[in-house]
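One letter stands for each residue in the lines below.
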Amino acid sequence: MAMRTRTHVIQIVVVSTALVVAISLAGIDVSAIRYFRSDTIVRDAWDPSSIPSPPYFDPAPWAIWSSSDLFVHDVLRAGALPLWDRLQGGGYSPVVVVQNGVFHPLRWAVALVPRDQALSTLVLLIIAFSFLGMWLVLRCGYDTSVAAAYTGAVFYTLSGAFLSFLHFSGASIPLLHLPWLAFALICAQRSRKLTGGVILAAGMALLFLSGHPLLIIAVLVALSGVACGEAWDAGSSRPLALLFVCGAAGALLAAFAILPPLAALDDLWSYKTGSHFGSVYAPFYPWSEWFRAVGAIVADPGRQYFDDTRFAVSAGA
């Protein structure tokens, strides 16, 4: 059993590595940067197809995330740390931005490849790590068949929820942690060894370093569901306590990245805290509006928004 599992893991790693190398050597760009090759986009009015239309309503994948990832790549290649970006806005520190996750090891790893392949390599690594993590949690954590593990891993990495965030590195990197954290939690609960708890705490720290806080919360919610399932099977609250303790330990390990944004919170994201564009972040969002928004998502897919009604109407939502 262990030998077969090890063989499949090696095969997944080898195939993933071969795909990354092949796509890089072929110069195939699977990142969002192909939609944004310069500081401005000039579209020919007589030939709208001269520049491909970005496939997103939200420009963040190429206007924010791609530039942030390239910034980390360039700074590390220059032998410095990603503490100040002079090329965005009037200059700012990504250390105090809650969504960039500039300290995550996966972002640092792509500094090993040339700049032209950096973003595509990051996308491929996210897919590969997510696939392998889901395969492990299904095969070893829940003891499914090999075929079922491969099927589940394919469905996870090709799901709409995953692919829709793939070019948002600050959102897709948090998602790749979900299967690995679930696997670590299951192993720590069942083995009852300190090593499992240490690995889970380290994984939680990496999650807190990964990027967008809302996606981190989504991962934590899903992970709590896994802990509840383990607690039900074990007839004990230990998995929930384990998740809480290791989560707190992970937060302490990642405090160097968590505390600066919290300290600068009053100066960050003013458009989200002081305008209708970010009304969902307001501390006193009306309960009537909250229930209306949740009801719209459940009953009326054409009106999936949480923004303030006045803003949504003015924006044509």
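Here is a short report on the structure shown in this document. If you're wondering where the values come from, they're calculated on a predicted model, not measured in any experiment.

## Side note on the overall build of the protein chain
Within the protein chain, the regular secondary structure consists of 14 helices and zero strands. When the helices and strands of the protein chain are listed from N to C terminus, the series reads α-α-α-α-α-α-α-α-α-α-α-α-α-α. Within the protein chain, buried positions represent 42% of all 317 residues. Within the protein chain, contacts between residues at least 6 apart in sequence are counted, and of these 63% link residues at least 24 apart. Only carbon and sulfur atoms are counted for the fraction: they give 70% of the accessible area of the protein chain, which is about 17300 Å².

## A short note on the pattern of salt bridges
With the rule as written, the count across this model stands at three salt bridges. Between Asp69 and Arg107 there is a salt bridge, and its shortest N-O distance comes to 2.7 Å. Of the two residues, Asp69 sits in helix H2 (residues 60-77) while Arg107 sits in helix H3 (residues 105-109), which places them 38 residues apart along the sequence. Arg107 carries the same exposure label as Asp69, and that label is buried. Between Glu230 and Arg190 there is a salt bridge; the shortest N-O distance is 2.9 Å. Within this pair, whereas Glu230 is found in helix H9 (residues 213-234), its partner Arg190 is found in helix H7 (residues 169-191), the two being separated by 40 residues in sequence. Since its relative accessible area comes to 5%, Glu230 is described here as buried. By relative accessible area, Arg190 is classed as partly exposed at 48%.

## Comments concerning the packing of aromatic side chains
Remark: the centre distance and the inter-plane angle together describe each pair of aromatic rings, the angle taken between the planes. The final tally for this structure, using the stated rule, is five aromatic pairs. By way of ring pairs, the aromatic residues Phe131, Trp135 and Tyr150 are connected into one cluster.

## Considering the side chain of Ser210
Counting through the fold element by element, Ser210 comes out in the loop between helix H8 (194-208) and H9. Residue classification places Ser210 among the buried residues on the basis of a relative accessible area of 0%. Not counting the four nearest positions on each side in its chain, Ser210 is found in contact with Gly101, His104, Arg107, Gly170, Ile173, Pro174, His177 and Ile216.

## Side note on the nonpolar core
Membership of the largest hydrophobic core comes to 46 residues, with the highest contact counts inside it found for Leu106, Ile126, Val137, Leu181, Leu185, Leu200 and Leu223. When contributions to this core are tallied by element, the ones reaching two or more residues are helix H4 (115-141), helix H5 (146-157), H7, H8, H9 and helix H10 (238-253). In terms of residue count, H7 provides more of this core than any other element does, 12 residues in total. Not counting chain neighbours up to four residues away, the residues in contact with Val137 comprise Tyr142, Pro179, Ala182, Phe183 and Ile186.

## Points about H9
With 22 residues, H9 ought to run about 32 Å at 1.5 Å a step, and its terminal C-alpha atoms sit 31 Å apart, in line with that. Listed in full, the buried residues belonging to H9 are Leu215, Ile216, Val219, Leu223, Val226, Ala227, Glu230 and Ala231. Summarising the axial view, the buried residues of H9 lie within an arc of 160°, below the 170-degree limit, and thus occupy one face. Facing away from the buried surface of H9 by more than 90 degrees, the exposed residues are Val221 and Trp232. At its buried positions, H9 is contacted by H7, H8 and H10. Positive backbone phi, at 65°, marks Gly235, one or two positions downstream of H9.

## Here's the deal with H10
For H10, built from 16 residues, the straight-helix expectation of 22 Å at 1.5 Å per residue is met to within 8% by its first-to-last C-alpha distance of 22 Å. Buried within H10 are the following residues: Pro239, Leu242, Leu243, Cys246, Gly247 and Gly250. Along the axis of H10, the buried positions cluster into a sector of 125°, meaning they face one direction only. Residues of H10 that are exposed and point over 90 degrees away from its buried face: Phe244, Val245 and Leu252. The elements touched by buried residues of H10 are H7, H8 and H9.

Criteria and cut-off values
- Per chain, the residues get numbers from 1 upward, laid out in the order the sequence is written.
- Thresholds applied to this predicted model are a pLDDT of at least 70 for local features of residues and 80 or more for the giving and counting of side-chain atom pairs; totals over whole chains, interfaces and linings are not thresholded and use all residues.
- Side-chain descriptors were evaluated using all non-hydrogen atoms of the structure, hydrogens and water having been removed beforehand.
- Helix and strand labels come from DSSP, where a helix needs a run of H or I of at least four residues and a strand needs a run of E of at least two; each type is numbered from the N terminus.
- Burial classification: accessible surface area is computed with a 1.4 Å probe over protein chains only, and a residue below 20% of its type maximum counts as buried, one above 50% as exposed, and the rest as partly exposed.
- Contacts are residue-level and defined by heavy atoms, with any inter-residue pair within 4.5 Å sufficient.
- Only the protein chains shown count as cover for residues, and the accessible areas themselves come from Shrake-Rupley with a 1.4 Å probe.
- A pair is scored as a salt bridge if a Lys or Arg side-chain nitrogen falls within 4 Å of a carboxyl oxygen belonging to Asp or Glu.
- Each pair of aromatic rings taken from Phe, Tyr and Trp, with Trp reduced to its six-membered ring, is defined by centres within 6.5 Å and is described as stacked if the planes are under 30 degrees apart, edge-to-face if over 60, and tilted in the remaining cases.
- What makes a nonpolar core is a set of buried Ala, Val, Leu, Ile, Met, Phe, Trp, Tyr and Cys residues whose side-chain atoms join them at distances within 4.5 Å.
- By this rule, a helix spans an expected 1.5 Å times one less than how many residues it contains.
- Directions are taken from the helix axis to each C-beta atom, and the arc is the one they span.

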